[in-house]
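# Notes for the structure review
For reference, the chains in residue letters:
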Amino acid sequence: MSETVLSPVRMGRPSIAALGVLALALGTLQAVVDPALPLLQRELEVSPAEGALVANAFLITGAVVAPVAGKLGDRYGGRRVLSGLMAVVVAGGLLASLAPNLPVLLLGQVLQGVMVGALPLSFILVRTHLPAGRSQAMIGVVLALFTGGGIVGTAVAGPISAALSWHWMFALPTLAVTVTAAVVARLMPDDRPVPSDDAIDWLGAALLSATLLALMLGLVVVTSGDLPPLAAAGVAVVVAALAAAWVRVERRSASPMVDLGMLARPVMRNAYALTFVITAVLGMVAFLIPQLFAAPAGGPGFGITTTDIGLLLLPGVIAGAVSDSVGGFAARRFGSRAVVTAGMLVTAATLIGLAIVHTDAWQLAVARVLVAFAAGAGTTALLASTATTVETADTGIATSLLVVTRVVGIALGAQLGGAMLSAWTDPVTGHPSESAFVAGFAAASLVAALSLLIVRGTKPGVRA
């Protein structure tokens, strides 16, 4: 396996600022779709199910590309691979901005989805060009700005589409990505590793990508509720078979894409398990709270409009962005175990309280803020700690797998929340009953509390 040479050149403030602004621009481009989905469905004359494909295409591509991008960054340097990925993102953004129909828009979203790979590549650059303490903090800042871009995208999608057209809500963020990516390529010090004679494990990369693709497609289809139980079992078998084939190939490869020994170490195994559990809880909460806001006022909910729901959720989005930055600094100061423990205690207490008392909309909004902040700080602390404890040559692949774990956890959590609401639907009104929401919040609280058992197995100060 190749060994990366640590560059004697440190990132200056202009380089750090450019990397941060690029993360902000990418987050903005990624987020404009969600609030505009109803508009896109009307403009393109497609069904809600077809419109949902626009957001899902981005998610699926991101999950597949992230680990491959991280590994290539470890091998060829984060700066070089990041520049290539940004070219693909820009092409996707331009295609989406010019799309005359759904297929072209979907293709644009597929290309834009590779931006998820920019996160592990940014972590490589930060790890290479900054001291360990500062790199942990900077990783949190990059994540915070990417999440902050989601706030910007959510806020500007409506005004831009109303003042100009929906095409411009893709075009303007794409222009920002183009400019900032060029600045990063210009200012960022080179991190090219020493050439290696080891061949890239393309078979392992293909099998890992196929496994993630099958998993994400399976989650999307199962979430829709249109898949019979036997077909769902078939999807599970396919995913398991692909995963088993990937493990077999990696064990036999002289230069595996992923060092399975690294993943088997307790500190790494716990980091992935905790990230998955935390994000699954976050996914459940992120799904259930808007549903309760929108439920009829005569029943368990409040009958709030889409616009007002967005305003009530905005503080939680902001809290998530702030928590990403705080998580990096807190990991540096207190260690990831302490941050995760505090976050899960706050989450469990908040959700059990919400299961008991949810009579006013402000209670849900406050709970969303607390959970978003606690979960965001915990996952960012795990990510920052992992990025600075693995071998430098494994930074990209280790962090990219954590990014994928976050994506899968949120998707699974939302699926579980939807399944619980469907199971407790009132046969008379057709709406979820109050017991469905109580059970959902209580289940999420229980999962958060049980995650503390995993935390106990995480030893502070142990290098992966």
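Residues numbered from 1 in each chain as written. Predicted model: local features only at pLDDT ≥ 70, side-chain atom pairs only at ≥ 80, totals over all residues. Heavy atoms only, no water.

## Side note on the overall build of the chain
A tally of regular secondary structure across the chain gives 17 helices and zero strands. Burial status across the chain gives 52% buried among its 464 residues. Pairs at least 24 residues apart make up 82% of the contacts formed inside the chain by residues separated by at least 6 positions. (Helix = DSSP H or I, 4+ residues; strand = E, 2+ residues; numbered from the N terminus. Buried < 20%, exposed > 50% of the residue type's maximum accessible area, 1.4 Å probe, protein only. Contact = heavy atoms within 4.5 Å.)

## Describing the environment of alanine 66
Inspection of the secondary structure puts alanine 66 in helix α3 (residues 48-76). Judged by its relative accessible area of 0%, alanine 66 falls in the buried class. Linking alanine 66 and valine 114, residues 48 residues apart in sequence, is a C-alpha distance of 7.2 Å. Apart from the residues within four sequence positions on either side, alanine 66 is in contact with Val116, Gly117, Pro120, Ser400 and Val404.

## With respect to the packing of aromatic side chains
On inspection of all chains with the given rule, the structure shows two aromatic pairs. An angle of 85° between the planes, with centres 6.2 Å apart, marks the rings of tryptophan 166 and phenylalanine 170 as edge-to-face. Residue tryptophan 166 shares its accessibility class with phenylalanine 170, and that shared class is buried. For the pair phenylalanine 293 and phenylalanine 302, a centre-to-centre distance of 6.4 Å together with 55° between the ring planes defines the contact as tilted. In this structure phenylalanine 293 comes out as buried when scored by relative accessible area, which is 0%. (Phe/Tyr/Trp six-rings, centres within 6.5 Å; stacked < 30°, edge-to-face > 60°.)

## Concerning the nonpolar core
Of all hydrophobic cores here, the largest spans 70 residues; its most connected members are Leu26, Leu82, Met86, Trp166, Phe170 and Val177. No other element matches helix α1 (residues 13-31), which puts eight residues into this core. Residues contacting leucine 26, with those up to four places away along its chain left out, are Met86, Val89, Met115, Ala118, Phe146 and Val177. (Core = buried A, V, L, I, M, F, W, Y, C linked by side-chain atoms within 4.5 Å.)

## Brief notes about the packing of helix α4 (residues 78-97) against helix α5 (residues 102-112)
Viewed as axis vectors pointing N to C, α4 and α5 meet at an angle of 160°, and their least axial separation amounts to 7 Å. Taken together, α4 and α5 sit at an angle that is classed as roughly antiparallel. Judged by the twist between their axes, the crossing of α4 over α5 is left-handed. Counted together, Val88, Val89, Ala91, Gly92, Gly93, Leu95 and Ala96 of α4 and Val104, Leu105, Leu107, Gly108, Leu111 and Gln112 of α5 form the full contact between these two elements. Class assignment for the residues of the contact of α4 with α5 results in nine nonpolar, four polar and no charged. (Axes fitted to C-alpha atoms, helices over the stretch in contact; angles between N-to-C directions. Parallel < 35°, antiparallel > 145°, perpendicular 65-115°, else oblique. Left-handed = near helix turned anticlockwise from the far one by under 90°. Nonpolar A, V, L, I, M, F, W, Y, C, P; charged D, E, K, R; others polar.)

## Side note on the side chain of arginine 368
Considering the arrangement of structural elements, one finds arginine 368 in helix α15 (residues 361-389). Take arginine 368: its relative accessible area is 14%, and that puts it in the buried class. When sequence neighbours within four positions are dropped, the list of residues in contact with arginine 368 reads Leu282, Val285, Ala286, Ile289, Leu313 and Gly316.

## Quick word on the packing of helix α12 (residues 266-294) against helix α14 (residues 336-356)
In the contact formed by α12 and α14, the axes pass within 12 Å of each other and the chain directions differ by 30°. Taken together, the axes of α12 and α14 lie roughly parallel to each other. Remark: the crossing between α12 and α14 carries left-handed chirality. Facing α12, whose interface residues are Leu274, Ile278, Val281, Val285 and Ile289, α14 presents Val340, Met344, Thr347, Leu351 and Leu354. Split into classes, the residues belonging to the contact of α12 with α14 amount to nine nonpolar, one polar and no charged.

## A closer look at the confidence of the model for the chain
A residue-level look at the chain finds 82% of positions with pLDDT of 70 or above and a mean pLDDT of 77. Predicted confidence is poor over residues 1-8, with pLDDT under 50, and the contacts of this stretch with residues over four places away or in other chains come to 25 contacts. (pLDDT = per-residue confidence, 0-100.)

## Notes on the environment of alanine 25
As for its position among the elements, alanine 25 is in helix α1. Take alanine 25: its relative accessible area is 8%, and that puts it in the buried class. Between the C-alpha atom of alanine 25 and that of alanine 181, which follows or precedes it by 156 residues, the distance is 9.5 Å. Leaving out residues up to four positions away in the same chain, alanine 25 has contacts with Ala176, Val177 and Thr180.

## Observations concerning a nonpolar patch on the surface
Together, Leu314, Ile318, Val322, Val326 and Phe373 make up an exposed nonpolar region whose accessible area comes to about 350 Å². Looking at the nonpolar patch element by element, the count peaks at four residues for helix α13 (residues 306-334). In this fold, valine 326 is placed in helix α13. (Patch = residues over 30% accessible without salt bridge, like charges linked within 9 Å, V, L, I, M, F, W, Y side chains within 5 Å. Areas by Shrake-Rupley, 256 points an atom, 1.4 Å probe, with all protein chains shown as cover. Salt bridge = Lys/Arg side-chain N within 4 Å of Asp/Glu carboxyl O.)

## With respect to helix α10 (residues 229-252)
Between its terminal C-alpha atoms α10 stretches 35 Å, which fits the 34 Å expected from 24 residues at 1.5 Å a residue. For α10, the set of buried residues is Val239, Trp246, Val249 and Glu250. (Expected span 1.5 Å × (residues − 1).)

## Topic: helix α8 (residues 168-187)
Given a rise of 1.5 Å per residue, 20 residues ought to cover 28 Å, and the 29 Å separating the end C-alpha atoms of α8 matches this to within 8%. The set of residues buried in α8 consists of Met169, Phe170, Pro173, Thr174, Val177, Thr180, Ala181 and Val184. Mapping the buried residues of α8 onto a view down its axis gives an arc of 140°, with all of them on the same face. For α8, the exposed residues set more than 90 degrees away from the buried face come down to Leu175 and Arg186. (Arc of directions from axis to C-beta.)

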